[in-house]
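Okay, here's what each chain looks like letter by letter:
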Amino acid sequence: MKYILKISSVTKTELKLESGKNTFTIPASPEALKKAKAAMRKGNNIAITIDGEMLSWGTSSAKPNVTKVPTGLDKYWDQYVPPVNKEHADMMSFIHNDSVSLRPSLLMLPDLKWKYLVRSAMRGKNIMMTGAAGSGKTMAAKALANALDRPEFYFNLGATQDPRATLVGNTHFSKDSGTFFSESSFVKAIQTEDAIILLDELSRAHPEAWNILMTVLDPGQRYLRLDEAENSPIINVAKGVTFIATANIGNEYTSTRVIDRALLDRFTIIEMDLLSKEKEEALLLQMYPEADKTMISNIASIVSATRDEMKTEVPRISTSVSTRASVEFASLCYDGFSLEEAAEVTVYPLYDDAGGLDSERTFIKQLVQKFIPANTDENIFNTESEDLFTEEDINTAS
């Protein structure tokens, strides 16, 4: 059937056509331009014949006859709305609108990283959470499982000395049945649809664990071979399973291993940021709303000062105070311990006392002393040496 349309305008790139209230914008092919110019010279309309995706062009003196937009011209219709993939639209709406409200208030993860975490899980990506010890990596993984309401399985790979038994299974002997193979919990986990499987402390895992996980985490393979079982069956990873690994990366983590690059490339990496002084204080106040606010502010300032020191070119300490340690610090103060007492059992042990007045321990003690009320009877650190922190340092941390 020929469709007759009136020519509104013609440019080198497009034709503007109309019929009644319907208007169309069609890319200008050489044939279309030639026929349109011919029609305009004669005062005629354009005629279009549709054959699948192909448009054939001609001229006509007949009146425009398009009352209902035909298939083939619908994508050029100016009021055309492309079809929406409802499943994709629902997923995007959940990620960008609904998911943020499901993030626990105690998880100080920025909106962008939380949405990226949720999206990665919904897309079935392997996720690696990196960051300092005590920064909330495991908490974020568990919060994700709760937010998506999915089955959750936990495996601490840093604590196992027998990765094959943990990830594959064990061979046992029984007097009645002889030798038999027993599958690991990990085998059962990977066969659970939409499961979130947490591989905690992957950077501390034995290299054999990495080798076993290679095919499991490879998006093109996604299987685990049970070599010890009869006939060495292959177990395929179920649909929708998401693996989340946690790793401590840095020179201060002496018991960790440098993760093999081939294994690392199988993950989407999300880094947990160290909290700012303001966010650290907000977190502690949320956990201990009845605690003394000045005390909480001082703890946040001490913690923040250690992190700022670690960013300097030549830091005078080897590590900063983690959020996990900060929470314990605040909980002791909430339970009636003084700032200096809480620091003595939670913060000072993190730092070496070798070197006398030049030691890390001395440095931290003097930092803490700056926040001890002036009227206190106990002086936890007394030295006639020059202060390690200036007033400007303290004001910056505060």
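Below is a short write-up of the structure. (Residues numbered from 1 in each chain as written. Predicted model: local features only at pLDDT ≥ 70, side-chain atom pairs only at ≥ 80, totals over all residues. Heavy atoms only, no water.)

Things to note about the nonpolar core
Where we set the bar: Buried Ala, Val, Leu, Ile, Met, Phe, Trp, Tyr and Cys residues that are joined via side-chain atoms within 4.5 Å together make up what is termed a nonpolar core. Any residue under 20% of the maximum accessible area for its type is buried, any over 50% is exposed, and the rest in between are partly exposed; the area is computed with a 1.4 Å probe on protein chains only. Numbered from the N terminus, helices here are DSSP runs of H or I no shorter than four residues, and strands are runs of E no shorter than two. Here, residues are in contact when the closest pair of their heavy atoms is within 4.5 Å.
Core analysis: the biggest nonpolar cluster contains 35 residues, and Phe-186, Ile-197, Leu-202, Leu-224 and Phe-243 have the highest contact counts within it. At the level of secondary structure, the elements contributing two or more residues to this core comprise α6 (185-190), β10 (196-200), α7 (207-217), β13 (242-247) and α8 (261-264). Setting aside chain neighbours within four positions, we find Phe-243 in contact with Lys-125, Asn-126, Ile-127, Phe-186, Ile-190, Ile-197, Leu-199, Val-216, Leu-217, Arg-222 and Val-237. Of all hydrophobic cores here, the second largest spans 28 residues; its members include Ile-296, Ala-305, Phe-363 and Ile-364.

Observations concerning the sheet that holds strand β4 (residues 45-51)
For the record, the criterion: Being paired, for any two strands, means DSSP has found at least two bridges between them. Note on geometry: axes are C-alpha line fits, over the in-contact stretch for helices, and angles between N-to-C directions span 0 to 180 degrees.
Sheet architecture is open: 5 strands sit in the order β3-β2-β1-β4-β5, paired in antiparallel fashion. Each end of this open sheet is capped by a strand with a single partner; those strands are β3 (22-27) and β5 (54-60). Across this sheet, the average inter-strand angle for adjacent strands is 40°, counted without regard to direction. The sheet contact formed by strand β1 (residues 2-10) and strand β2 (residues 14-19) spans 4 bridges and is antiparallel. Residue pairing across strands places Ile-7 opposite Leu-17, the latter belonging to β2. Where helix α1 (residues 30-42) meets the sheet, its contacts fall on β1, β2, β4 and β5, and the angle it forms with β5 comes to roughly 15°.

Structural notes on a positive patch on the surface
This is how the line gets drawn: Like charges are joined within 9 Å and nonpolar side chains (Val, Leu, Ile, Met, Phe, Trp, Tyr) within 5 Å, but only among residues with over 30% relative accessible area and no salt bridge; these make up the patches. To measure how exposed things are, a 1.4 Å probe is used in the Shrake-Rupley method; for residues, cover is taken only from the protein chains shown. The working definition used for a salt bridge is a side-chain nitrogen of Lys or Arg within 4 Å of a carboxyl oxygen of Asp or Glu. Charge counting follows a simple rule: Lys and Arg are positive, Asp and Glu are negative, and His as well as the terminal groups are ignored. By convention, the point assigned to a charge is CZ for Arg, NZ for Lys, CD for Glu and CG for Asp.
Taken together, Lys-12, Lys-34, Lys-35, Lys-37, Arg-41 and Lys-42 make up a surface patch of like positive charges. Looking at where Lys-37 falls in the secondary structure, it is placed in helix α1. For Lys-37, a relative accessible area of 47% puts it in the partly exposed group.

Side note on the environment of Ala-300
With respect to the helices and strands, Ala-300 occurs in helix α10 (residues 293-310). Measuring from C-alpha to C-alpha, the distance between Ala-300 and Glu-281 comes to 5.3 Å, with 19 residues separating the pair along the chain. The residues touching Ala-300, leaving out its near neighbours within four places in the chain, are Lys-277, Glu-280 and Glu-281.

Things to note about the sheet that holds strand β6 (residues 127-130)
Ordered in space as β7-β10-β13-β6-β14, the 5 strands form an open sheet in which the pairing is parallel. Either end of the sheet is taken by a strand with one partner, and the two such strands are β7 (152-156) and β14 (268-271). On average, adjacent strands in this sheet sit at an angle of 20° to one another, irrespective of strand direction. Where β7 meets β10, 5 bridges bridge the pair, whose relative direction is parallel.

Some remarks on the layout of surface pockets
Heads up, the condition is: Cavity and pocket criteria rest on a 1 Å grid covering protein atoms alone: a 1.4 Å probe that fits but cannot get out defines a cavity, protein on both sides within 12 Å along at least 5 of 7 lines defines an open pocket, and an atom within 4 Å of a point defines a lining residue. Grid points are joined across faces, edges and corners, and a volume is the space filled by probe spheres set on the points. Each residue is assigned to one class: nonpolar for Ala, Val, Leu, Ile, Met, Phe, Trp, Tyr, Cys and Pro, charged for Asp, Glu, Lys and Arg, and polar for all the others, Gly among them.
Here the largest pocket is characterised by a volume of approximately 540 Å³. Lining the largest pocket are 29 residues, and of these Gly-134, Ser-135, Gly-136, Lys-137 and Thr-323 sit closest to its centre. Looking at the lining of the largest pocket, the elements with two or more residues in it are α4 (137-148), α9 (277-287) and α11 (323-334). Looking at the lining of the largest pocket, its residues break down into 14 nonpolar, 8 polar and 7 charged.

Brief notes about the pattern of salt bridges
Enumeration over the complete set of coordinates arrives at 13 salt bridges. Among the salt bridges present, the one from Asp-111 reaches Arg-103, with a minimum N-O distance of 2.7 Å. For the salt bridge of Arg-307 with Glu-280, the shortest nitrogen-to-oxygen distance reads 2.7 Å. Separated by 27 residues along the polypeptide, Arg-307 in helix α10 and Glu-280 in helix α9 bring together distant segments of the chain. Each member of the pair, Arg-307 as well as Glu-280, is classed as buried.

So, unusual backbone geometry
Phi at Asp-149 is positive, roughly 55°, even though this residue is not glycine. The residue Asp-149 is located in the loop between α4 and β7 in this model. Judged by relative accessible area, which is 70%, Asp-149 ranks as exposed. We note that Asp-194 has phi near 60°; this positive angle belongs to a residue other than glycine. By secondary structure assignment, the location of Asp-194 is in the loop between α6 and β10. Looking at Asp-194, the relative accessible area reads 33%, which means it is partly exposed.

Concerning the packing of α10 against α11
Threshold: Here is the rule for angles: anything less than 35 degrees is roughly parallel, anything more than 145 is roughly antiparallel, 65 through 115 is roughly perpendicular, and the remaining ranges are oblique. The sense of a crossing depends on the near helix, which, turned anticlockwise from the far helix by less than a right angle, makes the crossing left-handed and, turned clockwise, makes it right-handed.
At a minimum axis distance of 10 Å, the contact between α10 and α11 shows a crossing angle of 155°. In terms of axis orientation, α10 runs roughly antiparallel to α11. In the packing of α10 onto α11, the handedness of the crossing is right-handed. Between α10, through Met-295, Ile-296, Ile-299, Ile-302, Val-303 and Arg-307, and α11, the contact on the second element is made entirely by Thr-323, Ser-326, Phe-329, Ala-330 and Cys-333.

Observations regarding the packing of aromatic side chains
The geometry of an aromatic ring pair is captured by the separation of the ring centres together with the interplanar angle, meaning the angle of the planes. Put simply, the rule is: Pairing of aromatic side chains here covers Phe, Tyr and the six-membered ring of Trp, requires ring centres within 6.5 Å, and sorts the geometry by plane angle: under 30 degrees stacked, over 60 edge-to-face, intermediate tilted.
Tallied over the full model, the rule gives 3 aromatic pairs. Summarising the aromatic geometry, the rings of Phe-155 and Phe-186 are spaced 5.4 Å apart at their centres and angled 80° between planes, so their arrangement reads as edge-to-face. Here the residue Phe-155 occupies a position in strand β7, and Phe-186 occupies one in helix α6, the gap between them amounting to 31 residues. Summarising the burial analysis for this pair, Phe-155 and Phe-186 share the class buried. A centroid spacing of 6.3 Å and a plane angle of 40° characterise the contact between Phe-186 and Phe-243, whose relative ring orientation is tilted. One end of the pair, Phe-186, is in helix α6; the other, Phe-243, is in strand β13, and 57 residues separate them in sequence. Summarising the burial analysis for this pair, Phe-186 and Phe-243 share the class buried.

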